[in-house]
Amino acid sequence: MLRSLNNFFRHEKPRTRKTATVSGTVEFLETSRVITLFIFLATTAAIVLISFVGVSTVNLPVLPNQLASVRITASVPFTYESKEKTRAAVEQMRDRVPPVYRLDFDSLQQFETNLRELLADLDAFERTHPANSAFTARIKPDFDALVNAFNTKGPYHVDAEDIAALFKVGAAAARTASVDTGLRILREIYTQGVHDDRSFGGTDLGRVTVFQVTRSDGTMAQQSSESMEQAFAYLRVNLSAETGNRALSGPLFRIFRNGITPNLIYDREATLRLQDEALRLLKPVSVNVARDQTIIEPGARVTAEQYEMLAAQREFLLDSGASALDDSLQLFGRVLLVLAMVMASLFYIRLEDAETLNSNGRLGLLALVVIINLALVRATYALSSLPFFVYHSQDASILPYLAPTAIAPLVVAILIDAGSAIFVALFISIFTSVIYGNRLDLLVLTFLASVVAIFCSRHTRKRGNVVRASVLAGLTVSVFSLLVGVVDRLEFITILKHMGAGILTGILTGIVVVGLLPVLEGLFKRTTDITLLELTDYNHPLLRLMQMEAPGTYHHSLVVAQLSENAAADIGANPLLARVCALFHDIGKTAKPEYFTENQRDGINPHDDNNPSLSALIIKSHVKDGVDLALKHKLPRAVLDVIQQHHGTTLIRYFYHRAVTDTRSPLPFPSGLSSRNPFAPGLDPSPVSETTYRYDGPRPQFKESAIIHLADGVEAASRSLRKVTPQHLGEIIDQIFHDRMEDAQLDEAPLTLEEISKIKTSFTFTLLNMLHGRVAYPAASETEKPTQA
């Protein structure tokens, strides 16, 4: 005994342990209401600065046909040459220049030739059939053949009765005079110009009365033309006046109307030459814009002229360096808006997540990610003032879709919870909408994309899932930007740019969030499921150390981890957190593994030669050693808490019982040491103090810690069962739970009686499946049959 104790003190190297004790400064920063107020004021000031100061409606990305959400006025007076107004003036000038047509007399000449041939045929017919002879059945076919021959020479529809009336006028000279009169009237009509309701060269002649006409002699003059109906009326009236015979004028009209056809041919080249001559005198239209003149009205679709005026103002401000601040919104109103939103956030946190309101660290995390996210949104807005986007306004329209609005919601969903993340998403979307000119469509679009990202990132255990969630959010932006673009009647190439910007933003958001998570975890002492899953790697240095130095403790930790994970899942706690904390809860035993029963071999127990108080001290030291190792390896705060709390303030019963019942004579100790207190030279033995044999605690403070506390005791006790049955196992589990509750070990843990009952059931089910028996197989010699010789 003496040799063992001397060796213990000789080989125990003095070392400085790291402790998990929270300093007064850290505790002040975590709980002080002064710090809470500072966070509130700093957040409000930062949001006002980011969302409003320096923001002007001048640089809002607006496209033609979009529905304006805010009034935009001229911040400075300026003058610009309006391409839209100049284009309109050019169109007006082109409309004012009469179109040029050529007069076509070919159809008239052809009609005249055919008509004179008809006269010759009538003269020949007269020689064989006198004009005063009756049209008997014998000669009528010959006359009809003559009329049909005339009709086939052109698009004519002359009746034999009308030709007969001309034939009966008299001698050949009289017929010729009548035809000459009709042809002269036709020439007058053709010289004036005849048109119908069809369009020539894109001009509807039915609605045009004045033309530039190129005559046969090459001269050009303005005159009005006649429609077909007007030409027919002119022909009828003049034939009646010339002949004075109503019986003859009717047949002549029906004959000569076949010679009237439209004779105006549109001359595009001559028209364009005439228009170009007029446009040479036209100067570009200049527009003077006064200060505070309204450029775009809210609630109306942006016209091309309004869009041009806004672009002209941007270029003027860039070239002149004038101020572009918009004074239409007062700073006081902006501050009130931000205060209202921040106050609403506090009320929401107070109702849904009081733990966050009581932790300045969590409030600081929320404030920081919101400010960073809004700063990135503002940075994308600031790009609109760059020369490239000023001179390429169509490209500037992609900036709202490049705004990374899902960063803060994703971070909060992973580090805190989905409820807080949804409120943060709404918060970010509202102020993004404000920055980009109160665009309701942008508010709805960004909020929807953030909610999709939050939904897809629930219970994320791989960093790749974060990128997947953000890409799905980007696809959501892409799809709805397509719908918005169709509604706003945007160009297809512009819609494609918006869709591409949404997908690109989703990818970049995922990369940024994956990079931010480790930094924020370390800065705010938060632990994500991603980090917890990485800690379950059995090749972790501490787990490898336990496997090599304390294999019995390692196996114990695996069983406790399985028990804790299943029980946590049954009561709605975090099963992954329970598993990780259980794996590391006994890492302190690697410092002196041989002092713990599960690691002892060959029946050698160092405690046999030790005083009970010394043994209790060694047993308790594994908690402090575990905290020391956890701090050195930067394990999450939750693991440190479980290492400290997994024994609570329970009594080390075995050594306490030895100390109380030990009736043996005191063994010789080194000079100056007491058998009851070997570390207090010169003191006499004192009565056994229970405090010496209790763990330092604290007691379990959260559900996962309480589950591990119970699982640790149940796993150790189950090893004492010689035969595992549901009855025996249930009795020992009930006894352990009863003892721990009687000892007030669960008083500070947020467990209900219903949850405790579920934990019992889970432990029983898991242990029965772990400790099941197997069928005893007969020896090989018993199964072999003797061979026959």
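Refer to the structure above for everything that follows.
How each quantity is defined
- Residues numbered from 1 in each chain as written.
- Predicted model: local features only at pLDDT ≥ 70, side-chain atom pairs only at ≥ 80, totals over all residues.
- Heavy atoms only, no water.
- Helix = DSSP H or I, 4+ residues; strand = E, 2+ residues; numbered from the N terminus.
- Buried < 20%, exposed > 50% of the residue type's maximum accessible area, 1.4 Å probe, protein only.
- Contact = heavy atoms within 4.5 Å.
- Areas by Shrake-Rupley, 256 points an atom, 1.4 Å probe, with all protein chains shown as cover.
- Phe/Tyr/Trp six-rings, centres within 6.5 Å; stacked < 30°, edge-to-face > 60°.
- Lys NZ or Arg CZ within 6 Å of the ring centre and 35° of its normal.
- Expected span 1.5 Å × (residues − 1).
- Salt bridge = Lys/Arg side-chain N within 4 Å of Asp/Glu carboxyl O.
- 1 Å grid on protein atoms, 1.4 Å probe; cavity = no way out; pocket = protein on both sides within 12 Å on 5 of 7 lines; lining within 4 Å.
- Points joined across faces, edges and corners; volume = space filled by probe spheres on them.
- Nonpolar A, V, L, I, M, F, W, Y, C, P; charged D, E, K, R; others polar.
- Axes fitted to C-alpha atoms, helices over the stretch in contact; angles between N-to-C directions.
- Parallel < 35°, antiparallel > 145°, perpendicular 65-115°, else oblique.
- Left-handed = near helix turned anticlockwise from the far one by under 90°.

(A) Fine view of the overall build of the protein chain. Secondary structure assignment for the protein chain yields 34 helices and twelve strands. Burial analysis of the protein chain (789 residues in total) assigns 47% to the buried set. Counting contacts in the protein chain only where the partners sit at least 6 residues apart, residues at least 24 apart contribute 79% of the total. Carbon and sulfur atoms make up 58% of the accessible area of the protein chain, which amounts to about 40,000 Å² in all.

(B) Inspection of the packing of aromatic side chains at higher detail. For the structure on display, the rule yields 16 aromatic pairs. On the basis of an interplanar angle of 70° and a centroid distance of 5.6 Å, the ring pair of F125 and F167 is categorised as edge-to-face. Here the residue F125 occupies a position in helix α5 (residues 106-128), and F167 occupies one in helix α7 (residues 160-167), the gap between them amounting to 42 residues. F167 shares its class with F125; the two are buried. Ring pairs connect the aromatic residues F111, F150, Y156 and F256, which therefore count as one cluster. Stacked on the ring of F253, the Lys or Arg R236 has its end atom at 4.0 Å from the ring centre. One residue, R257, lies across the ring of F232, its end atom 4.5 Å from the ring centre.

(C) Main features of α5. With 23 residues, α5 extends 34 Å between its outermost C-alpha atoms, agreeing within 8% with the 33 Å of an ideal straight helix rising 1.5 Å per residue. Considered for burial, the residues of α5 that qualify are L108, F111, E112, N114, L115, L118, L119, L122 and F125. Each element contacted by the buried residues of α5 is listed here: α6 (140-151), α7, α8 (172-192) and α10 (246-256).

(D) Here's a closer look at the pattern of salt bridges. Evaluated as defined, the whole model comprises 27 salt bridges. The partner of D162 in a salt bridge is R254, with the nearest N and O atoms 3.1 Å apart. Here D162 is found in helix α7, whereas its partner R254 is found in helix α10, with 92 residues between them in sequence. A relative accessible area of 6% means that D162 is categorised as buried. For R254, a relative accessible area of 40% puts it in the partly exposed group. Via salt bridges that share partners, E112, R116, D180 and R187 belong to a single interconnected network.

(E) Representation of the layout of surface pockets. The computed volume of the second largest pocket comes to approximately 1,200 Å³. If you go around the second largest pocket, you meet 32 residues; those closest to its centre are H647, I652, Y654, Y695 and A716. Of all elements in the fold, only α28 (612-632), α30 (653-661), α31 (703-718) and α32 (726-742) reach the threshold of two or more residues within the lining of the second largest pocket. Per-element accounting of the lining of the second largest pocket gives the leading share, six residues, to α31. A class-by-class count of the residues in the lining of the second largest pocket yields eleven nonpolar, eleven polar and ten charged.

(F) Highlighting empty space enclosed by the protein. A full pass over the atoms with the stated rule returns two cavities of 30 Å³ or more. Of the pockets and cavities examined, the largest cavity occupies roughly 150 Å³. Taken together, 18 residues line the largest cavity, and the ones lying closest to its centre are A403, T405, A449, V477 and T505. Elements that contribute at least two residues to the lining of the largest cavity include exactly α18 (399-402), α21 (440-456), α22 (463-487) and α23 (492-524). Considering only residue class, the lining of the largest cavity consists of ten nonpolar, eight polar and no charged.

(G) Quick look at unusual backbone geometry. A cis amide bond, omega 10°, links G697 with the succeeding residue P698. Positionally, P698 belongs in the loop between α30 and α31. Notably, R489 is not glycine yet its phi reads approximately 60°, a positive angle. By secondary structure assignment, the location of R489 is in the loop between α22 and α23.

(H) Spatial organisation of the packing of helix α19 (residues 407-415) against helix α20 (residues 418-435). Put simply, α19 and α20 touch, their axes get as near as 8 Å, and they point 170° apart. Judged on the interaxial angle alone, α20 and α19 are roughly antiparallel. Where α19 crosses over α20, the handedness of that crossing is right-handed. Only A418, S420, A421, V424, A425 and I428 of α20 make contact with α19, whose side of the interface consists of A408, P409, V412 and A413.

(I) Representation of the environment of V714 in the model. Summarising the element assignment, V714 is placed in helix α31. Judged by relative accessible area, which is 1%, V714 ranks as buried. For the pair V714 and K760, spaced 46 residues apart in the sequence, the C-alpha separation amounts to 9.8 Å. Among residues more than four places away in sequence, those in contact with V714 are I733, I736, F737, F763 and L767.

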